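Listed here are the chains, written in short residue letters.
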Amino acid sequence: MQDNAARWYENNHIVIPIIVSLFAVSIAVCVWMIFNRAVTLDNIYHYAEVSKLYENGKFFATGTSMSGMGARVPGGMYYYIMLGIFAISKSLFALRLFSCICAFAFAALFIETVYKKAGAPIALFLSLILLGNPFFLNIASEVWNANYALLPNLLLILLFIRCGEGTSSSVVSFLLLPVLTIAGQIHFSNVFVAGPLTILWCLYYRKNIRWLPFFLGAVTACILYLPYLAAELQNGFHNTRLMLGVSKLGKTSFSLPQIYCWFIFPTNEMSYLISQKAGDIIRFYMKDNPVGILHLVLNVIVLLGSAAANIITVIAAVPSLRARFLQNYVLPKFLQLLLFLGYMTAAVILVVFSVLKLPPAEWHYFYFIFALTFAPLLIAFSVAHTYLKRWVTPLYAFYVANFIALIALNLIFTAVRYVPSNMKNSIAMVRAISEDAHDKSFFIVTADYVQFPEAGYGAFNTPPLYRGIAEFFAHVPWNERYDGKNELTYIVEANIFPAYTESFRGTYTNRAALMYQCGTTKAYRVEGPLHIAKSSKK
């Protein structure tokens, strides 16, 4: 009786309702975030482009623009999705809701697959570490093409695993390249990561591929690119020629791609939202975050757990080490392939980004490996379940506490850092600036301009965030100019990046006057233009 009580986690009648409850809590938090987080530049930019397309009844054959290049990426799947949503509701919140649906479909499919392949205990463990994960909740509540690619990325990963298991059917072989094409047309990073990976994986498991359906899938994938190719023929391959120069915008010396996200993604580390610099990360925890110490302590604990899980995983995955230290452990085939695919993806990222001299990129460029990063934690828990069954219930108790803490931190984090600069407050601030300026021209200083002054006056305000809010949501006159001849300057101090704006505004104490305040979001007015010397970069 005591043994049965201790092994409650293997009882499907108990585990499934718990997983469903975890989904309910996570979805509730996500929906709250959808209606209370800030609007970003990409939100406005893509919303503006699709709005114009929708109003003019046009079809977008090309994808989103490549920042700093003037080119558009091949394929417009991301815009096709947005146009489809606009046909139902022309709302930024509808787009965010679709992100939520895609993310939780990803979670449900991932957890359901683990449940079938590795058992109920590991599926419950995955539910605890995924559904409270800050990365996941931010992906689920924001409009970004990298977020929309999460679901097709997982589908591609599961197709890879079917091939590795030797259970590849004609349907699986056919779908590989079309799914890759869809993922690549949603976010171009998948071309650099999943493209080479598909070639290597199919060559490695070539005996498991059914080649006739595979080549039919290749033809289908090419057909999906026909609208883009037709557009390129009309413009003389303008975008293609610009993209061939991508290496010129890359690094001049070797710098490691942010592949360490392998250790970060399955944890609750969120300081990447501020910067990749150590000083900014410390400031994020110590100065601008009211729960920073709690956040930092929890992060350290979970990061140490992730590091330990990776060590245990190496022992479990290497046959000689497993025979020596874990004689009775059998590594589930699904988890073995998930881990192998993860290691191969990390190697592909390092090689491709180095050979093509691509910039280190942002972490959302590597969302393809988001699901793969959970493999070490799942394998470590599988080992614990095999050898330390008496500790499994305490381990669940620990991760339940971690789940609760992560959910609470996400609520606090969003309430403190995003709500003060959310959509409603941004609209109110835009209206206040428009009314205050009257007919005078003005320029808005943002955190990016303060952080990167050498980029040039207004470089990071084009396409401007607040102009988009004024045009599409506030519907007010907006006389912003970017040539340094503006009559007024407004310094916007949002709670997400207060350190930069506080530091910059401090040098203009005698000139800056508080014009608008809503919570911790403030706008200061300064007469005339402002110019920042390169040496003032923080």
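Residues numbered from 1 in each chain as written. Predicted model: local features only at pLDDT ≥ 70, side-chain atom pairs only at ≥ 80, totals over all residues. Heavy atoms only, no water.

**A short note on the overall build of the protein**
- Helix and strand counts for the protein come out as 25 helices and four strands.
- A burial count over the protein gives 54% of its 538 residues as buried.
- Counting only contacts in the protein whose residues sit at least 6 apart along the sequence, the fraction spanning at least 24 positions is 79%.
- Accessible area for the protein stands at about 23,300 Å²; split by element, carbon and sulfur atoms hold 66% of it. (Helix = DSSP H or I, 4+ residues; strand = E, 2+ residues; numbered from the N terminus. Buried < 20%, exposed > 50% of the residue type's maximum accessible area, 1.4 Å probe, protein only. Contact = heavy atoms within 4.5 Å. Areas by Shrake-Rupley, 256 points an atom, 1.4 Å probe, with all protein chains shown as cover.)

**Observations regarding the environment of P213**
- As for its position among the elements, P213 is in helix α12 (residues 211-224).
- Here P213 falls in the buried class, since its relative accessible area comes to 15%.
- When the C-alpha atoms of P213 and V172 are compared, they prove to be 8.5 Å apart, with 41 residues separating the residues in sequence.
- In this view, P213 contacts S170, S173 and F174; residues no more than four positions away in its chain are not counted.

**Focus on a nonpolar patch on the surface**
- The grouping of M286, I293, V297, I301 and F398 at the surface amounts to a nonpolar patch, some 470 Å² of accessible area in total.
- Among the elements that make up the nonpolar patch, the one with the highest residue count is helix α17 (residues 292-317) (three residues).
- Note on placement: F398 falls in helix α21 (residues 389-417). (Patch = residues over 30% accessible without salt bridge, like charges linked within 9 Å, V, L, I, M, F, W, Y side chains within 5 Å. Salt bridge = Lys/Arg side-chain N within 4 Å of Asp/Glu carboxyl O.)

**Some points on the pattern of salt bridges**
- Under the definition given, this model contains six salt bridges.
- When the shortest N-O distance is used, the salt bridge between E49 and R72 registers 2.4 Å. Here E49 is found in helix α3 (residues 41-56), whereas its partner R72 is found in the loop between α3 and α4 (77-88), with 23 residues between them in sequence. For the pair formed by E49 and R72, the shared burial category is buried.
- Salt-bridge contacts for E112 lead to K116; the nearest nitrogen and oxygen are separated by 2.7 Å. Separated by four residues within a single helix, E112 and K116 lie in helix α5 (residues 92-118), roughly one turn from each other.
- We classify E112 as partly exposed; its relative accessible area is 33%.
- With a relative accessible area of 64%, K116 lands in the exposed category.

**Section: the packing of aromatic side chains**
- Applying the stated criterion to the full structure yields 32 aromatic pairs.
- Measuring from centroid to centroid gives 5.3 Å for F98 and Y148, while their planes differ by 90°, and the two rings are edge-to-face. Highlighted residues: F98 in helix α5 and Y148 in helix α8 (residues 145-148), separated in sequence by 50 residues.
- Taking relative accessible area as the criterion, F98 reaches 26% and is therefore assigned partly exposed.
- Residue classification places Y148 among the buried residues on the basis of a relative accessible area of 2%. (Phe/Tyr/Trp six-rings, centres within 6.5 Å; stacked < 30°, edge-to-face > 60°.)

**A short note on unusual backbone geometry**
- Unusually for a residue other than glycine, F237 sits at a positive phi of about 55°.
- A positive phi is found at H475, a non-glycine position, where the angle reads about 55°.

**Re the nonpolar core**
- Among the nonpolar cores identified, the biggest contains 108 residues, and F106, F110, L130, F136, F368 and I369 are the most heavily contacted of them.
- Top contributing element to this core by residue count: helix α19 (residues 333-355), with 12 residues.
- Contact partners of F106, with chain neighbours within four places excluded, come to L130, F136, L150, L151, L154, F370 and A371.
- If you look at the next biggest cluster of nonpolar residues, it comprises 44 residues, including A48, L92, I186 and I469. (Core = buried A, V, L, I, M, F, W, Y, C linked by side-chain atoms within 4.5 Å.)

**Details of the confidence of the model for the protein**
- Looking at the protein, pLDDT values average 81 and 81% of them are 70 or higher.
- Contacts of residues 450-463 to residues separated by more than four positions or lying in other chains number 40 contacts, the stretch itself having pLDDT below 50.
- Within the model, pLDDT remains below 50 along residues 533-538, and this stretch shows 11 contacts once partners closer than five positions in the same chain are excluded. (pLDDT = per-residue confidence, 0-100.)

**As for the pairing of strand β2 (residues 488-493)**
- Counting buried residues in β2 gives six out of six residues, a clear majority hidden from the surface.
- Of the two faces of β2, the one lined by L488, Y490 and V492 and the one lined by T489, I491 and E493 are each fully buried.
- Note: β2 against strand β4 (residues 521-527), six bridges, orientation antiparallel. Along β4, the bridge assignment pairs V492 with A523. (Pairing = 2+ DSSP bridges.)

**Here we look at the state of the cysteines**
- One pass over the structure, following the stated rule, counts zero disulfides.
- With no disulfide partner, C163 has as its closest neighbouring cysteine sulfur the one in C202, 5.9 Å distant. (Disulfide = S-S within 2.5 Å.)

**With respect to the layout of surface pockets**
- What the second largest pocket holds in volume is close to 400 Å³.
- Considering the residues around the second largest pocket, the lining is formed by 25 residues, among which F125, G305, A380, L395 and Y399 are closest to the centre.
- Elements with a minimum of two residues in the lining of the second largest pocket: α6 (120-130), α17, α20 (375-387) and α21.
- Across the lining of the second largest pocket, the residue classes break down as 20 nonpolar, five polar and no charged. (1 Å grid on protein atoms, 1.4 Å probe; cavity = no way out; pocket = protein on both sides within 12 Å on 5 of 7 lines; lining within 4 Å. Points joined across faces, edges and corners; volume = space filled by probe spheres on them. Nonpolar A, V, L, I, M, F, W, Y, C, P; charged D, E, K, R; others polar.)

**Considerations on helix α22 (residues 423-437)**
- Taking 1.5 Å of rise per residue, the 15 residues of α22 would be expected to cover 21 Å, and the 21 Å separating its terminal C-alpha atoms lies within 8% of that figure.
- Where α22 is concerned, the buried positions are M423, N425, S426, I427, M429, V430, A432, I433, S434 and A437.
- As for α22, its buried residues are in contact with α5, β1 (442-445), α24 (465-474), β2, β3 (513-518) and β4. (Expected span 1.5 Å × (residues − 1).)

**Section: the packing of α3 against α24**
- Remark: α3 packs on α24, axes separated minimally by 9 Å, with the N-to-C direction vectors making an angle of 45°. By the angle class used here, α3 and α24 are oblique. Handedness of the crossing formed by α3 with α24: left-handed. Along its contact with α3, which presents L41, I44, Y47, A48, S51 and K52, the element α24 presents L465, G468, I469, E471, F472 and F473. (Axes fitted to C-alpha atoms, helices over the stretch in contact; angles between N-to-C directions. Parallel < 35°, antiparallel > 145°, perpendicular 65-115°, else oblique. Left-handed = near helix turned anticlockwise from the far one by under 90°.)

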